[in-house]
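# Geometric and topological summary
Each chain, written out:
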Amino acid sequence: MNLKQLRYAVEVERTGSITQAAKNLYAAQPNLSRSVRELEEELGVPLFSRTARGMEPTGEGARFLAQAREILALFDQLQDLYRPDTDTPVPLRVVVPRVYFSPALRALLESPECALLLDFTCGVRDAAAAIQEVAAGSARIAVIRYPVDHQEEYLSQLRAARIPHLPLREVPYQLTVHQSHPLAGLEELPFPLPEYYTALLCENDLPFSPVPRKPLRTGPFRTVTLQDTALLLELLGQLHGAYTLTVPLPQGLLRRRQLVQRPCPAAGKLREEVIYRGLESLSPEEQLFLRLVQLQP
């Protein structure tokens, strides 16, 4: 058993796919698959079962992988403690939610403290995937967003993974429509919204969207699910009877697409938090990002 095998197995669990895990770790798929198989043979138990949804941990596998994540996190922290202080460029990887606009990112990249920051990666993940990445050590700091009425579910995940978290903000869902939409000028928004308006949903925001997901049917579509946020915003500007419920967007972006937003508290609220893996192990750049996201309005 070695650290590479542990990283391979943890990444397979995170992605649910041998192929995707190999791509993420820049490994040859046959080598990764063989490494996981050899690890299972050494342990004497199967770690994964292949299902229609992908590679899923067995009961024994889930227990082993939870300990493997802790070992990898401790190893990464140990490496950080004894990493030599040089002037070589440093990498930084942060994970943020879909449709995330934060002045903290710009402030980070413009900061003199990040003059050597030549390798910056900003991943986009939903809250559950971001928690898994931080737990596995593939990212050490992330911003997560989730509906307030699911708060206990996410807090229990953070407690189980022993991941610290700091609250950033709570905002009501924003009804986003074209400026010519009949709902754009209403003083009070009805909710649920009438079914004759077309709801646009983003695949990665499900299943926690306040708009119920309905199967597409022939005839006029009342619910359309997309996989790309840019396409969703494009359609909002073209389908003047469509709407979406999302986070507050920058005014400049809304003006360019002739869109308007109205708070829709009856649809619920979204909560944003920053999570991280061991404050003492964060690099100066990661600690700077942590401070900046806490300062944003």
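See the structure printed just above.
Residues numbered from 1 in each chain as written. Predicted model: local features only at pLDDT ≥ 70, side-chain atom pairs only at ≥ 80, totals over all residues. Heavy atoms only, no water.

## Re the overall build of the chain
The secondary structure content of the chain amounts to 10 helices and 12 strands. Looking at the chain residue by residue over its 297 residues, the buried ones come to 45%. Excluding contacts between residues fewer than 6 apart, the proportion of contacts in the chain whose partners are at least 24 apart in sequence is 73%. (Helix = DSSP H or I, 4+ residues; strand = E, 2+ residues; numbered from the N terminus. Buried < 20%, exposed > 50% of the residue type's maximum accessible area, 1.4 Å probe, protein only. Contact = heavy atoms within 4.5 Å.)

## Let's talk about the pattern of salt bridges
Counted under the stated rule, the structure contains 14 salt bridges. A salt bridge links Glu133 to Arg93; its shortest N-O distance comes to 2.8 Å. Here Glu133, found in helix H6 (residues 127–136), pairs with Arg93, found in strand E3 (residues 91–96); they are 40 residues apart in sequence, far enough to count as distant. Given the relative accessible area of 1%, Glu133 is considered buried. A salt bridge links Glu272 to Arg145, with the shortest nitrogen-to-oxygen separation between them at 3.0 Å. You can see Glu272 sitting in strand E12 (residues 269–276) and its partner Arg145 sitting in strand E5 (residues 141–147), a full 127 residues away along the chain. Note on Glu272: relative accessible area 2%, which makes it buried. Overall, the relative accessible area of 15% leaves Arg145 in the buried class. Sharing partners across several salt bridges, the network here consists of Glu11, Arg14, Arg93, Arg125 and Glu133. (Salt bridge = Lys/Arg side-chain N within 4 Å of Asp/Glu carboxyl O.)

## Looking at the environment of Ile141
By secondary structure assignment, the location of Ile141 is in strand E5. With relative accessibility at 0%, the residue Ile141 sits in the buried group. Residues Ile141 and Gln287 lie 146 residues apart in sequence; the distance between their C-alpha atoms is 9.0 Å. Setting aside residues no more than four positions away along its own chain, Ile141 makes contact with Arg93, Val94, Val95, Val134, Val274, Ile275, Tyr276, Glu286, Phe289 and Leu290.

## A word on the pairing of strand E8 (residues 198–202)
Extensive coverage of E8 is indicated by the burial of 5 of its 5 residues. On E8, burial covers both faces: Thr198, Leu200 and Cys202 on one face and Ala199 and Leu201 on the other are all buried. Pairing geometry for E8 and strand E10 (residues 242–246), over 2 bridges, is parallel. From the neighbouring strand, Ala199 faces E10, where its bridge partner is Tyr243. (Pairing = 2+ DSSP bridges.)

## A word on the sheet that holds E8
Pairing within the open sheet is mixed, and its 5 strands lie in the order E9-E8-E10-E7-E11. Each edge of the open sheet carries a strand with a single partner, namely strand E9 (223–226) and strand E11 (259–263). Along the sheet, successive strands turn relative to each other by an average axial angle of 30°, direction set aside. Pairing of E8 with E9, which is carried by 4 bridges, proceeds in the parallel orientation. Among the inter-strand pairings, Ala199 is bridged to a residue of E9, identified as Thr223. The strands that helix H8 (residues 229–238) touches are strand E7 (174–178), E8, E9, E10 and E11; relative to E8, the one it contacts most, it runs at about 165°. (Axes fitted to C-alpha atoms, helices over the stretch in contact; angles between N-to-C directions.)

## Quick word on the packing of helix H5 (residues 103–110) against helix H10 (residues 284–295)
For the pair H5 and H10, interaxial distance at closest approach is 9 Å and the crossing angle is 140°. Regarding the angle of H5 to H10, the classification is oblique. Judged by the sense of rotation from one axis to the other, the crossing of H5 with H10 is right-handed. On H10, the residues that touch Ala104, Leu105, Ala107 and Leu108 of H5 are Glu285, Leu288, Phe289, Leu292 and Val293. (Parallel < 35°, antiparallel > 145°, perpendicular 65-115°, else oblique. Left-handed = near helix turned anticlockwise from the far one by under 90°.)

## Structural notes on helix H1 (residues 3–15)
In this model H1 runs 18 Å from its N-terminal to its C-terminal C-alpha over 13 residues, within 8% of the 18 Å that 1.5 Å per residue would give. Considered for burial, the residues of H1 that qualify are Gln5, Leu6, Tyr8, Ala9, Val10, Glu11, Val12 and Arg14. Two or three places before Lys4, at the opening of H1, Asn2 has a side-chain oxygen 3.2 Å from that residue's backbone nitrogen. Count one or two residues on from H1 and you reach Gly16, which has phi positive near 70°. (Expected span 1.5 Å × (residues − 1). Polar contact = N/O pair within 3.5 Å; in protein donor to acceptor, adjacent residues only side chain to side chain.)

## Thoughts on the packing of H6 against helix H7 (residues 151–161)
At a closest axis distance of 11 Å, the pairing of H6 and H7 adopts a crossing angle of 10°. It follows that H6 is roughly parallel to H7 by the angle criterion. Residues Ala127, Ala128, Ile131 and Ala135 of H6 lie in contact with H7, whose contacting residues are Tyr154, Gln157, Leu158 and Ala161. Split into classes, the residues belonging to the contact of H6 with H7 amount to 7 nonpolar, 1 polar and no charged. (Nonpolar A, V, L, I, M, F, W, Y, C, P; charged D, E, K, R; others polar.)

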